[in-house]
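# Architecture at a glance
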Amino acid sequence: MSTAPTTTTDEAPGPAAPAPTPGRWAPLRPLVLRLHFYAGVFVAPFLLIAAVTGFLYAGAFQAEKIVYRHEMTVAAVGERQLPVSEQVAAARRAHPEGTVSAVRPSPEADATTRVMLSGVKGVDPGHTLAVFVDPYTGKVRGALEQYGSTGALPLRTWIDEFHRDLHLGENGRLYSEFAASWLWVIAGGGIVLWFSRRRALRKVRGTSGRRRTLGLHGTVGVWAAAGFFFLSATGLTWSTYAGAHIDELRTSLGQSTPSVSSVAGGDHSGHGASASAGDAEHGVGLDKVLAAARAKGLGDPVEIVPPADASSAYVVRQVQRSWPEKQDSVAVDPTTGKVTDTLRFADHPLLAKLTRWGIDLHTGVLFGLVNQIALMILALSLVLLIVWGYRMWWQRGRGSAFGRPIPRGAWQQVPPQILVPGVVLVAVLGYFVPLLGIPLAGFVVADVILGEIAHRKGKRAPAA
């Protein structure tokens, strides 16, 4: 079966270095080293793509403000804004196509109002056409395709989709889920390896060659590990397979994200109507609806969603994702102008709040520019760690070729009282995070088969 591992180190030992004292977890180190090595080699290309595209996405928020400044801001701040209904009418005169799916009144003195149109020919069905209206003059300053709840415009949308699925659709999302599934494993393995090293071997100063590369790799990895754990966990919350399991778990615990009911007299039944087709003006009209929402304490920025049909209400919801978040929402009866349902973000279940905060922190909107800079630093750190990792592998081959893989058989050194619970834990994690469990199972199977082949070849080899 598997051959016993040879004694290896991940650096050349110094002549005066004292022998390490084995700890209770010492038998795990060769196994963690082997997992960290192979996971790094095979997952690193996917992580590199995620890091580079994530870096670009974090910078896209500020780039968007520059590229689309004309559409997003007014030419001059006036004394009084026009009623929202007049602004929408101006947008419809310029763009009569499609239907009004939502309106975002100007949230700041120098910002334009956005009127979102759905069903517009030439616009992606999952996107809307945002018409930008000067709230003081009613002049339309432009129209751009928009995506998502954060109002991403074409530049940020393109980068967002590149980061999420490489513009390959649903199948492309597997790449990002694969990267997120393994990032925390690689980071955790790196922490175990770093702190299991002798303190004297962790320093960077005064070292060179592979020892210096290892020092840089380990030091930066340890400092960035918490960020990697966070990115991995939050990235999985809206992934295809692991995200579905997380949603099921939240639902079973009664921690799903509620939504305001768009039916008069309804309760928070989980999924009220969202953006829908129809004209913006129903019954009492947009201005009275907005006034009713203001009376309930909904401050800017807000989004007004017209009724889905004759039996539905207007929905007005706050859309601020920066801290402190504004996520309250109300439903307003179009015939009476009265609020029929109110939902406060403060009343959301704990896991729903944590999910919202986690996603917004992951996407760089929770703390604005500081958040975006931190994400860019994390992405750059990951790129450097990948480069240093491959460089160490090359240097272990003495600079002329990649070094030999970490020897097999490390699991044989792990005591059963640690190995058995570990296998059970990995099996459970593999079920909930399939793009971790399936590749790991495939690696184990391939490793056993290759080991058996090597073992049989060794038995057939003639004695020296």
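Residues numbered from 1 in each chain as written. Predicted model: local features only at pLDDT ≥ 70, side-chain atom pairs only at ≥ 80, totals over all residues. Heavy atoms only, no water.

### Quick look at the overall build of the chain
Secondary structure summary: the chain contains 12 helices and 8 strands in total. A separation threshold of at least 6 residues defines the contact pool for the chain, and within that pool the share at least 24 residues apart is 64%. Summed over all atoms, the accessible surface of the chain reaches about 23900 Å², with 65% contributed by carbon and sulfur. (Helix = DSSP H or I, 4+ residues; strand = E, 2+ residues; numbered from the N terminus. Contact = heavy atoms within 4.5 Å. Areas by Shrake-Rupley, 256 points an atom, 1.4 Å probe, with all protein chains shown as cover.)

### Regarding the packing of helix α1 (residues 28-67) against helix α10 (residues 368-396)
Running from N to C, α1 and α10 point in directions that differ by 155°, and their axes come no closer than 8 Å. Put simply, α1 runs roughly antiparallel to α10. The handedness of the crossing between α1 and α10 is left-handed. For the contact of α1 with α10, the class distribution of residues is 20 nonpolar, 4 polar and 1 charged. (Axes fitted to C-alpha atoms, helices over the stretch in contact; angles between N-to-C directions. Parallel < 35°, antiparallel > 145°, perpendicular 65-115°, else oblique. Left-handed = near helix turned anticlockwise from the far one by under 90°. Nonpolar A, V, L, I, M, F, W, Y, C, P; charged D, E, K, R; others polar.)

### Some remarks on the confidence of the model for the chain
Residues at a pLDDT of 70 or more form 86% of the chain, whose mean pLDDT is 87. Below a pLDDT of 50 lies the segment residues 1-20, which in the model reaches 32 contacts outside its immediate sequence neighbourhood of four places, other chains included. Predicted confidence is poor over residues 268-278, with pLDDT under 50, and the contacts of this stretch with residues over four places away or in other chains come to 32 contacts. (pLDDT = per-residue confidence, 0-100.)

### Quick notes on the environment of Ala187
Inspection of the secondary structure puts Ala187 in helix α5 (residues 173-195). When its relative accessible area of 11% is taken as the criterion, Ala187 is described as buried. Non-local contacts of Ala187, meaning those with residues more than four positions away in its chain, are made with Phe228 and Phe229. (Buried < 20%, exposed > 50% of the residue type's maximum accessible area, 1.4 Å probe, protein only.)

### Some thoughts on the environment of Val414
By secondary structure assignment, the location of Val414 is in the loop between α10 and α11 (416-432). When the C-alpha positions of Val414 and Leu28 are compared, they lie 5.9 Å apart, and in sequence the two are 386 residues distant.

### Observations concerning the pattern of salt bridges
Between side chains of opposite charge, a pair can form as their charged atoms come close. For the structure shown, the criterion picks out 9 salt bridges. In this structure, Arg173 engages Glu170 in a salt bridge whose closest nitrogen and oxygen atoms are separated by 3.5 Å. Arg321 is the partner of Asp360 in a salt bridge, and the nearest nitrogen-oxygen pair spans 3.3 Å. With Asp360 in helix α9 (residues 350-363) and Arg321 in the loop between β6 (314-318) and β7 (329-332), this pair connects stretches of sequence that are 39 residues apart. Just as Asp360 is buried, Arg321 falls in that class too. (Salt bridge = Lys/Arg side-chain N within 4 Å of Asp/Glu carboxyl O.)

### A look at the nonpolar core
One finds Val43, Leu47, Trp182, Leu183, Phe228 and Leu382 to be the most contacted residues of the largest nonpolar core, which totals 31 residues. For this core, the elements supplying multiple residues, two or more each, are α1, α5, α6 (209-237), α10 and α12 (434-460). By residue number, the principal contributor to this core is α5, which donates 9 residues. With sequence-adjacent residues up to four places away left out, Trp182 is seen in contact with Leu35, Ala39, Val43, Leu435, Leu436, Pro439 and Leu440. By size, the runner-up hydrophobic cluster in this structure holds 25 residues, among which are Val100, Val120, Val316 and Val332. (Core = buried A, V, L, I, M, F, W, Y, C linked by side-chain atoms within 4.5 Å.)

### Comments concerning the pairing of strand β1 (residues 99-104)
Of all 6 residues that make up β1, 5 are buried, and the element is covered over most of its length. Sheet topology places β1 next to strand β2 (residues 113-118); 5 bridges connect them, and they run antiparallel. By the bridge assignment for β2, Thr99 is matched with Ser118. (Pairing = 2+ DSSP bridges.)

### Concerning the pairing of strand β4 (residues 140-146)
As a general feature of sheets, a regular strand has side chains that alternate between the two faces. In terms of strand pairing, strand β3 (residues 128-133) meets β4 through 6 bridges, oriented antiparallel. Along β4, the bridge assignment pairs Phe132 with Gly142. Connecting β3 to the antiparallel partner β4 that follows it, the hairpin turn spans 6 residues, and Gly138 within it adopts a positive phi of roughly 80°.

### Some details on unusual backbone geometry
Asp300 connects to Pro301 through a cis peptide bond whose omega is -5°. Along the chain, Pro301 falls in the loop between α8 (286-295) and β5 (302-305). Here His167, not a glycine, exhibits a phi torsion of approximately 60°, which is positive. You can see His167 is positioned in the loop between α4 (154-165) and α5. The partly exposed category is assigned to His167, whose relative accessible area is 33%.

### Description of the packing of aromatic side chains
Scanning all chains against the criterion turns up 12 aromatic pairs. Seen from their ring centres, Phe46 and Phe178 are 4.9 Å apart, and the 80° between their planes marks the pair as edge-to-face. Of this pair, Phe46 sits in helix α1 while Phe178 sits in helix α5; the two residues are 132 residues apart in sequence, bridging distant segments of the chain. Phe46 sits in the partly exposed class, given a relative accessible area of 32%. Ring centres of Trp158 and Phe162 lie 5.3 Å apart, and the angle between their planes is 45°; this geometry places the pair in the tilted category. Here Trp158 pairs with Phe162, and both are found in helix α4, just 4 residues apart, close to one helical turn. Overall, the relative accessible area of 47% leaves Trp158 in the partly exposed class. Here the aromatic cluster, defined as three or more aromatic residues joined through ring pairs, consists of Phe37, Tyr38, Phe42, Tyr390, Trp393 and Phe443. (Phe/Tyr/Trp six-rings, centres within 6.5 Å; stacked < 30°, edge-to-face > 60°.)

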